[in-house]
Amino acid sequence: MPTSYISTVPGLLKIIEAVLCLGGFISAIIPYDWTSAGGGWTQFVTITALFGVVGILIANMFLVEKLPPIFPLLVLIFYAVYDLFLLSAGILTAVRAGQVYTVLIFLTGYNLYQSIAAAAFFVLAAFVVFVIDTILSFSAWRASSAQTQSSSTHTTATTTSKTTVVVS
């Protein structure tokens, strides 16, 4: 099993991202009455980010030789989009945590504030780690783009021919 990628900084960041997204998803599904009040968006963002990060991790661990040259750009786009998604879900969850605290205790007697607050923490922490990984993905994309351009412009072909004349 190739574990060399896991010991690198991008590999460790992806593991941290997966753990934070899983924690955010679990915390977001515990309160049963807040899916229409922003919980559904938080659940969607965290679970799709988890699947995306695990997919990128598996691709980098097992398929690194078979990945197309456009893969770093696709990873960069994924991270840029999910930076915005996680930021919006984190802000929404943090705001709802304060609102739900007073309403749910009054109506139901249950205190689900801790779970929504935990979801806000996990989502905002995942956002910070995603931003760091976006910066690293941008650097990797620039390096691969520069490498592709330099290797395509300096390629030369040399052909030699040997002619043998046979006289009878």
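Residues numbered from 1 in each chain as written. Predicted model: local features only at pLDDT ≥ 70, side-chain atom pairs only at ≥ 80, totals over all residues. Heavy atoms only, no water.

A. A look at the side chain of Glu17. Mapped onto the elements of the fold, Glu17 is located in helix H1 (residues 9-29). Of the buried charged residues, Glu17 lacks a salt bridge, with Lys14 as the closest side chain of opposite charge at 5.3 Å. Among all residues touching Glu17, those that are not within four sequence positions of it are Val53, Tyr79, Val129, Phe130 and Asp133. (Helix = DSSP H or I, 4+ residues; strand = E, 2+ residues; numbered from the N terminus. Buried < 20%, exposed > 50% of the residue type's maximum accessible area, 1.4 Å probe, protein only. Lys, Arg positive; Asp, Glu negative; His and termini not counted. Salt bridge = Lys/Arg side-chain N within 4 Å of Asp/Glu carboxyl O. Contact = heavy atoms within 4.5 Å.)

B. Seen up close, the nonpolar core. Ranked by internal contacts, the top residues of the largest apolar core, which has 22 residues, are Cys21, Val53, Phe78, Tyr79, Tyr82, Leu86 and Phe130. Mapped onto this core, the elements with two or more residues apiece are H1, helix H2 (35-62), helix H3 (71-107) and helix H4 (113-153). Broken down by element, the residue count for this core peaks at seven residues, all from H3. Leaving out residues up to four positions away in the same chain, Leu86 has contacts with Val45, Val123, Ala126, Phe127 and Phe130. One finds Ala28, Trp34, Ala97 and Ala119 within the second-largest nonpolar core, a separate group that totals five residues. (Core = buried A, V, L, I, M, F, W, Y, C linked by side-chain atoms within 4.5 Å.)

C. Representation of a nonpolar patch on the surface. Together, Val9, Val128, Ile132 and Leu136 make up a nonpolar patch on the protein surface, roughly 320 Å² of accessible area in all. Sorting elements by how many residues they give to the nonpolar patch places H4 first, with three residues. Within the secondary structure, Val9 is located in helix H1. Accessibility expressed as a relative area gives 54% for Val9, which makes it exposed. (Patch = residues over 30% accessible without salt bridge, like charges linked within 9 Å, V, L, I, M, F, W, Y side chains within 5 Å. Areas by Shrake-Rupley, 256 points an atom, 1.4 Å probe, with all protein chains shown as cover.)

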